[in-house]
Amino acid sequence: MTALVDAGLAPYDVEVVRADFPVLARTVSGHPLVYLDNASSSQKPRQVLDAEREFVEQHYSNVHRGVHTLSQEATDAYEAARTTVATFLGASDPHEVVFTKNATEAYNLVAYSFGNAAAGSRFSVGPGDEVCVTEMEHHSNLVPWQMLCERTGATLRWIPLTDDGRLDLTDLDTLVNERTKVLAFVHVSNILGTENPVDVLVARAREVGAFTLLDGAQSAPHQVVDVQRLGVDFFVLTGHKMLAPSGVGVLWGRKELLDAMPPFLGGGSMIEVVQMSGSTYAPAPERFEAGTPVISQAVALAAACDYLSALGLDRVAAHEQALTGRLLDGLHALDGVSVIGPATTESRGAAVSFAIEGVHPHDIGQSLDELGIAVRVGHHCAAPVCRRYGVPATTRASSYLYNTAGEVDALLEGIATVQRFWRR
Amino acid sequence: MADESLYQEIILDHYRNPHHKGLRDPYDVEVHHVNPTCGDEVTLRVRVADGVVSDVSYDGQGCSISQASTSVMTDLVIGRAVDEAMKTSEAFLALMQSRGQLEPDEDVLEDGIAFAGVSRYPARVKCALLGWMAWKDATAQAVAASSGGAA
Ligand SMILES: Cc1ncc(COP(=O)(O)O)c(C=O)c1O
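Residues numbered from 1 in each chain as written. Chains lettered and ligands numbered in written order. Predicted model: local features only at pLDDT ≥ 70, side-chain atom pairs only at ≥ 80, totals over all residues. Heavy atoms only, no water.

Draft legend 1. Highlighting the pairing of strand β11 (residues 271–275) of chain A. Residue and element names in this part refer to chain A. Across the five residues of β11, zero count as buried, placing the element largely on the outside. Where β11 lies against strand β12 (residues 278–281), three bridges are found, and the strand directions are antiparallel. Across the sheet, Gln275 pairs through a bridge with Gly278, a residue of β12. As consecutive antiparallel partners, β11 and β12 are separated by two residues. (Buried < 20%, exposed > 50% of the residue type's maximum accessible area, 1.4 Å probe, protein only. Helix = DSSP H or I, 4+ residues; strand = E, 2+ residues; numbered from the N terminus. Pairing = 2+ DSSP bridges.)

See below:
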């Protein structure tokens, strides 16, 4: 608690928070569940489940399509969810919030929209143009850009990594240059935990007139995000990592851009006038929400935003930082264990990847599961990062607002047990 | 640790002291298989002579289950007729897909019966099959090449 007091914040009672999450009371393999796979997906509090249930039980209908009462109530709830998310992100206009099915769809939306732009338009991408990403991207913010470059003949470039898990910005000015159309990068890495210097990257992109897209899948759940202060053009989050159900994500984009970008998916709701010879398109956000949208999931996401705001994301961040520090210190103290990613809590999120000498991550994850401890093993959809650090996979523990110091200690003890078993 | 049902002593032995590991010449076909979900990989060579699997050699990286299973596989197929080895491979595949419901035949699978427990862990079944699938692929290619080789 001292970290909170030092930061001038009210004490954070993690036990009160835990009581909102029914699953945390269960056992796994005869042990209390220690859920440290939050970077993959978070658990859901009663408040979010109740909000979704209440909506579906009392107000559900399709949206934007009817005059009857339920249709109006559902539309109101859906649009109120948009406003809540906009406020959560510090956006000036709810119309800048596009609901998608996840973060992955949001990157594809932007990449395909740019790919659909007529030659000569400010969004068009073609031979001679460049798209820049980083070597630490999640596949979802990498593969769509590779595909865009393949389709259009543009060139993909990437910012490499340093040995300590940060972006190597030495050649930033050549990697992001006058030919760069888009600089797409991750805010907080899901595999290394690194928090990237958004200001430096945005400043360079602005100098050369490149659009910026920030992958906030691992930042929005854990820290206060203000898209206007960040200065990016697009920001992406995914609901299931921030207490909401799976099936809803968000693309935030500057309204002026969204209104000018060509559509990605065509269909109902995204149109203005449809004739057999052709159609015109609605302004954003409808332009990018073809078909029946993710209605109840969006309502649930808004409830999740409310939950996080009520708790205070600055307090959540301080709580998590204390846990991350405890985990890093504990890992550093263990023989034969190395951290892959930044060694301290400086500019770092709560995802901590590590390796245990002589034990494969699969075996680590399986052995920890026998102790009720849920961690993730594999390449975490960031295979180039594993290659960069010469490991086939990592073990990753990632805490969230309901984790405790005792759970971090249980993991550290679990690692020692794993080492004893595999060293026999 | 309570996970002995998965990590049988036989599996741990093969993991620590893998049989037939290391790439060898001569060989007919070399394949490279990966498990895209975890990054495990194996490079495997097969030599088939007169309808018999005369050698299998391999290198790779992976978890205890994938490494041990590949080691056991080499014991079971080297020196056997291709048809017979393919039948063994099918028996192992059936065991892996059994979700713990099949009683393995020790006469057929020998050390392979230690993997019966793995079939209860769907996330690990792919690990256990990595080397087997690579062997099957390489052997099928070797057989096809030798039968087509006359042309
Ligand atoms: C950094 C990062 N970006 C993007 C994603 C993709 O999110 P989703 O699978 O919900 O589209 C994830 C999660 O897996 C992530 O961790």
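Draft legend 2. Inspection of the confidence of the model for chain B at higher detail. Averaged over chain B, the pLDDT score is 91; the fraction of residues at 70 or greater is 95%. Two summary scores accompany this predicted model of the complex, namely pTM at 0.92 and ipTM at 0.83. (pLDDT = per-residue confidence, 0-100.)

Draft legend 3. Looking closely at the sheet that holds strand β6 (residues 155–159) of chain A. All names here are of chain A. If you trace the seven strands from one edge of the open sheet to the other, you get β4-β10-β9-β8-β7-β5-β6, paired in mixed fashion. Every interior strand has two partners, whereas the edge strands, β4 (97–100) and β6, have only one. Taking the axes of each pair of neighbouring strands and ignoring which way they run, one obtains an average angle of 20° across the sheet. Of the strand pairs in this sheet, β4 and strand β10 (residues 249–253) are connected by four bridges, and their pairing is antiparallel. Across the sheet, residue Val98 finds its bridge partner in β10, namely Leu251. In this fold helix α4 (residues 69–88) packs onto β4 and β10, with an angle of close to 115° to the strand it touches most, β4. Helix α8 (residues 198–208) rests against β6, β7 (180–186) and β8 (211–215) of the sheet, and its axis sits at about 175° to β7. (Axes fitted to C-alpha atoms, helices over the stretch in contact; angles between N-to-C directions. Contact = heavy atoms within 4.5 Å.)

Draft legend 4. Main features of the site of the ligand. Residues and elements named next belong to chain A. With respect to spatial proximity, 14 residues lie near the ligand, and among them Thr104, Asp215, Gln218, Thr238 and Lys241 are the closest. Within the side chain of His240, a nitrogen or oxygen atom sits 2.7 Å from an oxygen atom of the ligand. For the ligand, the protein covers 88% of the area, taking 390 Å² as the surface of the free molecule. Among the elements that take part in the shell around the ligand, helix α5 (residues 103–116) stands out by supplying three residues, more than any other. For the shell around the ligand, the residue count by class is four nonpolar, eight polar and two charged. (Near = heavy atom within 4 Å. Polar contact = N/O pair within 3.5 Å; in protein donor to acceptor, adjacent residues only side chain to side chain. Areas by Shrake-Rupley, 256 points an atom, 1.4 Å probe, with all protein chains shown as cover. Nonpolar A, V, L, I, M, F, W, Y, C, P; charged D, E, K, R; others polar.)

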